[in-house]
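Structure assessment
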Amino acid sequence: MDHKMTRTQAWELLTTYTQSPALQKHAMEVEAVMAHFAGLWGEDEEVWGVAGLLHDLDYEKYPEEHCHKAEEIMRAEGIDEVYIRAMKCHGYGLCTDTKPESKMEKVLFATDELTGLIHAVCLMRPSKSVLDLEVKSVKKKFKDKSFAAGVNREVIRSGCEMLGMELDTVIYESIEGMKKKAEEIGLKGNL
């Protein structure tokens, strides 16, 4: 990788194109989960985190051109291919044909939708918090297709398969990652 981006640079770029607090929080959730998985496997937490932070760069302003506009923006900014590929991979089979190959790309693909589900489950709970969330609560809502119906369960499943990991494990580690940023992502709740 030639040009490693700092988190500060990534945040500046993200907020230039993404003003919605909900979308900023989603970006931070995915960042937290990505950094957590990187830490588990001794990878670069900042690189993985930045990939997570930037994955929906174009979504607010250019929803019809999702992933394609982001690639244009990132290329114009001279952003390293590692981040561009990861961003394109998260849309694999949906809006791109860039298949996740690296561990980082696979984790982003598997956990993007999952963080949305975890977030929705937290908001339903009395504590409104991720800090006391258990895997079984998420698993139950995962099976209930009418809950957070916009969450693509197939993407999560195929991401877990790509990683060779059990769904329960990926849910568990995603919750752990989100706990580390509970305050910033608004999921500390009343705990």
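This text follows the structure it describes.
About the criteria used
- Residues numbered from 1 in each chain as written.
- Predicted model: local features only at pLDDT ≥ 70, side-chain atom pairs only at ≥ 80, totals over all residues.
- Heavy atoms only, no water.
- Helix = DSSP H or I, 4+ residues; strand = E, 2+ residues; numbered from the N terminus.
- Rg over C-alpha atoms; globule rule 2.2 N^0.38 Å.
- Buried < 20%, exposed > 50% of the residue type's maximum accessible area, 1.4 Å probe, protein only.
- Contact = heavy atoms within 4.5 Å.
- Areas by Shrake-Rupley, 256 points an atom, 1.4 Å probe, with all protein chains shown as cover.
- Phe/Tyr/Trp six-rings, centres within 6.5 Å; stacked < 30°, edge-to-face > 60°.
- Lys NZ or Arg CZ within 6 Å of the ring centre and 35° of its normal.
- Axes fitted to C-alpha atoms, helices over the stretch in contact; angles between N-to-C directions.
- Parallel < 35°, antiparallel > 145°, perpendicular 65-115°, else oblique.
- Left-handed = near helix turned anticlockwise from the far one by under 90°.
- Salt bridge = Lys/Arg side-chain N within 4 Å of Asp/Glu carboxyl O.

Things to note about the overall build of the chain
- When you go through the chain residue by residue, the secondary structure sums to nine helices and zero strands.
- Listed by position from the N terminus, the elements making up the chain come as α-α-α-α-α-α-α-α-α.
- For 191 residues, the compact-globule estimate of 2.2 N^0.38 gives 16 Å, and the C-alpha radius of gyration of the chain, at 15 Å, lies within 12% of that figure.
- Counting only C-alpha atoms and orienting by the principal axes, one finds that the chain spans roughly 45 × 35 × 30 Å.
- Evaluated residue by residue, the chain yields a buried proportion of 50% over its 191 residues.
- Here the analysis covers contacts within the chain between residues at least 6 apart in sequence; of these, 66% occur between residues at least 24 apart.
- By element, 50% of the accessible surface of the chain is carried by carbon and sulfur atoms, the whole surface being about 8900 Å².

Looking at the side chain of Ser127
- Looking at where Ser127 falls in the secondary structure, it is placed in the loop between helix H6 (103-124) and helix H7 (135-143).
- Beyond its immediate chain neighbours, meaning those up to four positions away, Ser127 contacts Asp132, Gly189, Asn190 and Leu191.

Brief notes about the packing of aromatic side chains
- Per the stated rule, a full pass over the model turns up three aromatic pairs.
- Relative to Trp48, the ring of Trp41 has its centre 6.0 Å away and its plane inclined at 70°; by these criteria the two rings are edge-to-face.
- On the basis of relative accessible area, Trp48 is assigned to the buried category, the value being 5%.
- Among the aromatic residues, those joined into a cluster by ring pairs are Phe37, Trp41 and Trp48.
- Here Lys103 stacks its cationic end above the ring of Trp41, 4.2 Å away from the centre of that ring.
- A cation sits over an aromatic face here: Arg153 above Phe142, 5.9 Å from the ring centre.

As for the packing of helix H2 (residues 21-40) against helix H3 (residues 45-54)
- Packing of H2 against H3 leaves a shortest axis separation of 7 Å and a crossing angle of 155°. One element, H2, and the other, H3, form an angle in the roughly antiparallel class. Like other packed secondary-structure pairs, H2 and H3 cross with a definite hand, here right-handed. Residue-level inspection shows Ala27, Met28, Val30, Glu31, Met34, Ala35, Phe37, Ala38 and Gly39 of H2 in contact with H3, the latter providing Glu45, Trp48, Gly49, Gly52 and Leu53.

Section: the pattern of salt bridges
- Taken as a whole and assessed by the stated rule, the structure comprises 14 salt bridges.
- Between Glu71 and Arg75 there is a salt bridge, with the nearest N and O atoms lying 3.0 Å from each other. Of this pair, Glu71 and Arg75 both sit in helix H4 (residues 68-76), four residues apart, roughly one helical turn.
- Since its relative accessible area comes to 18%, Glu71 is described here as buried.
- Relative accessible area serves as the criterion here: at 40%, Arg75 is assigned to the partly exposed category.
- With a closest N to O distance of 2.8 Å, Arg85 and Glu105 form a salt bridge. Residue Arg85 is located in helix H5 (residues 81-89), and its partner Glu105 is located in helix H6; the two are separated by 20 residues in the primary sequence.
- A residue is classified by how much of its surface remains accessible, and Glu105, at 5% relative accessible area, is buried.

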